[in-house]
Amino acid sequence: MTFEEIKALDERYVMQTYGRNQLAIDRGSGATVYDTAGKEYIDFTSGIGVCSLGYANEAWAKAIYDQAMKLGHISNLFYTEPYAKLASKLVPASGMAAVFFGNSGAEANEGMIKLARKYSFEKYGKGRATVITLRNSFHGRTITTLKATGQDHFHDFFFPFTEGFRYAEANNMNSLMAEADGDVCAVMMELIQGEGGVNPLDKDFVQAVAKLCAERDWLLLIDEVQTGMGRTGSVFAFQQFGVHPDVVTFAKGIAGGLPFGGFLANEKCRKVLGTGDHGSTFGGNPIAAAAGNVVMDTLTEDFLEQVKEKGRYLRDGIAALNSPYVSGIRGMGLMIGVGVQGMAHKELKDRLMASGLLALTAGKDTLRLLPPLVITREEIDKGLAVMAKVMKA
Ligand SMILES: *Cc1c(COP(=O)(O)O)cnc(C)c1O
């Protein structure tokens, strides 16, 4: 089908909830994708940080095929090998104690919030259920995770929202202390605010929050839906911030393109959710878990070091453009935010796309780059060449 034909069906039959790019992507290989007319694009999006192994990765596709031909799904009422193996890799790689598997980021965050409230209720009783989150955060699209998201424009229309969330300024302990009443059970945050504009938190702030949580027996909840699974050059970003969360969520990159997510808890919290407290029909699905195993096997020390190196190379390359449209460069590993000035960020994204480079936007004025973790130097150079052409003085 042509782009026009696909778009016509979409407009006729699909709820129009996305601000879509005027492009239908047909196939890909590595970090390169092709539209329905066969035009090539370097991909700096990974489908919003999902396709960590790029497109048409052989080992990933084979694992999915083999598992589908063996057992595509059976409920969590039975044991299966793929999720058990994946758990046995994720737990030691994160230094956590146990994992729960679901299907998406918002759902993972919901489960993490449930865990925090049950922990607090069992130990301290009612009235201690508030979760402090940060301004400018993003935690998902369900009624509860919208409320957890610290941006007012997500709090319209869908009343009544879940109660029990208050917001503090990122990197501001005074602001956090102002919310620190006796009703608090947890602090929840991203370590690099993704949708909010690729804003890394200060290490000092993160460590001060962790210390406060430990003192007050609040749970430290870290949302690594975007930053996790090697994106920042370590399996989880918290490993570079010198803190140990009580619970940490993951999703986007975990299965390299299949819907999958979940949360890991430490020793203190591993037994809070017991039989019947939480569950999911699809969670831990054998095919998604088989894909997750391939992703985990890929994230070796050497591979993660390369993610850091490629991130540095890309950031240095963007800085070397000396573009008048760049106001600053932020991020860690292959999660990069480019501050845009002198042009709307969406306009810049569209111009890059027209010249053969896919990018994302974030916040009010940020170009967000999340290339597949397997991107090659050659592909990065091609992407940089498009940026040089579009963003020259
Ligand atoms: C994408 C994202 C979510 C939501 O994940 P979904 O899979 O879309 O539900 C939550 N938190 C963060 C930090 C994210 O980047």
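Please refer to the structure placed before this passage.
About the thresholds
Numbering of residues starts from 1 in every chain and runs along the sequence as written. With the structure being a predicted model, the display of local features is reserved for residues of pLDDT at least 70 and the display and counting of side-chain atom pairs for 80 or more, all residues being used for whole-chain, interface and lining totals. Excluding hydrogens and water, the side-chain values take into account all heavy atoms of the structure. In this scheme Phe, Tyr and Trp rings, the latter by its six-membered ring, pair at centre separations within 6.5 Å, and the angle between planes marks the pair as stacked below 30 degrees, edge-to-face above 60, and tilted otherwise. The classification of residues rests on relative accessible area computed with a 1.4 Å probe and restricted to protein chains. Under 20% of the type maximum is buried, over 50% is exposed, and intermediate values are partly exposed. Nearness is defined per residue: one heavy atom within 4 Å of the molecule or strand is enough. By the criterion applied in these results, polar contacts are pairs of N or O atoms within 3.5 Å in which, for protein atoms, one can donate a hydrogen and the other can accept it, and in which residues neighboring in sequence qualify only through two side-chain atoms. Using a 1.4 Å probe, the Shrake-Rupley method yields the accessible areas, and only the shown protein chains count as cover for residues. Going along the chain from the N terminus, every DSSP run of H or I of four or more residues is numbered as a helix, and every run of E of two or more is numbered as a strand. Each residue gets one of three labels, nonpolar for Ala, Val, Leu, Ile, Met, Phe, Trp, Tyr, Cys and Pro, charged for Asp, Glu, Lys and Arg, and polar for the others, Gly among them. Criterion used throughout: strands pair if DSSP finds at least two bridges between them. Axis lines are fitted to C-alpha atoms, over the contacting stretch for helices. Their N-to-C directions set the angle, which ranges from 0 to 180 degrees. Two residues qualify as a contact provided that any one of their heavy atoms is within 4.5 Å of a heavy atom in the partner residue. Nonpolar cores were defined as sets of buried Ala, Val, Leu, Ile, Met, Phe, Trp, Tyr and Cys residues, with membership established by side-chain atoms within 4.5 Å. Neither His nor the chain ends contribute to the count of charged residues, in which Lys and Arg are positive and Asp and Glu negative. Salt bridge, as applied in this entry: a Lys or Arg side-chain nitrogen positioned within 4 Å of an Asp or Glu carboxyl oxygen.

Draft legend 1. Structural view of the packing of aromatic side chains. Across all of its chains, the model carries 8 aromatic pairs by this definition. With 5.7 Å between their ring centres and 90 degrees between their planes, phenylalanine 159 and phenylalanine 161 make a pair best called edge-to-face. On the basis of relative accessible area, phenylalanine 159 is assigned to the exposed category, the value being 59%. Exposure remark for phenylalanine 161: the relative accessible area of 13% places this residue in the buried category.

Draft legend 2. Structural detail: the site of the ligand. Close to the ligand lie 13 residues, the nearest being Gly105, Ala106, Asp223, Gln226 and Lys252. Between an oxygen atom of the ligand and a main-chain N or O atom of alanine 106, the distance comes to 2.8 Å. For the ligand, the protein covers 81% of the area, taking 380 Å² as the surface of the free molecule. Here the shell around the ligand gets 3 residues from one element, more than from any other, and that element is helix 5 (residues 105-124). Looking at side-chain class alone, the shell around the ligand contains 3 nonpolar, 6 polar and 4 charged residues.

Draft legend 3. Seen up close, the sheet that holds strand 13 (residues 326-332). Spatially, 13-14-17-16 is the arrangement adopted by the 4 strands of the open sheet, whose pairing is antiparallel. For this open sheet the edge positions go to strand 13 and strand 16 (360-362), each flanked by a neighbour on one side alone. Ignoring which end each strand starts from, the neighbouring axes of this sheet average 30 degrees apart. Bridging between strand 16 and strand 17 (residues 366-369) involves 3 bridges; their strand directions are antiparallel. Residue pairing across strands places leucine 360 opposite arginine 368, the latter belonging to strand 17. Relative to the sheet, helix 11 (residues 345-354) contacts strand 14 (335-340), strand 16 and strand 17, its axis offset from that of strand 17 by approximately 45 degrees.

Draft legend 4. Structural context of the nonpolar core. Of all hydrophobic cores here, the largest spans 86 residues; its most connected members are Leu90, Met189, Phe236, Leu352, Leu367, Leu369 and Met387. A per-element tally of this core places helix 9 (residues 286-298) first, with 7 residues. Not counting the four nearest positions on each side in its chain, leucine 369 is found in contact with Phe44, Leu314, Ile318, Leu334, Met335, Ile336, Val338, Ala359 and Met387. Met112, Ile113, Val272 and Leu273 belong to the second largest nonpolar core, which has 20 residues in total.

Draft legend 5. Structural detail: the side chain of lysine 310. Along the chain, the position of lysine 310 falls in helix 10 (residues 301-319). Look at lysine 310: it is buried, it has no salt bridge, and the nearest opposite charge is glutamate 379 at 7.6 Å. When neighbours within four sequence positions are excluded, lysine 310 is seen to be in contact with Leu334, Leu373, Val374, Ile375 and Ile380.

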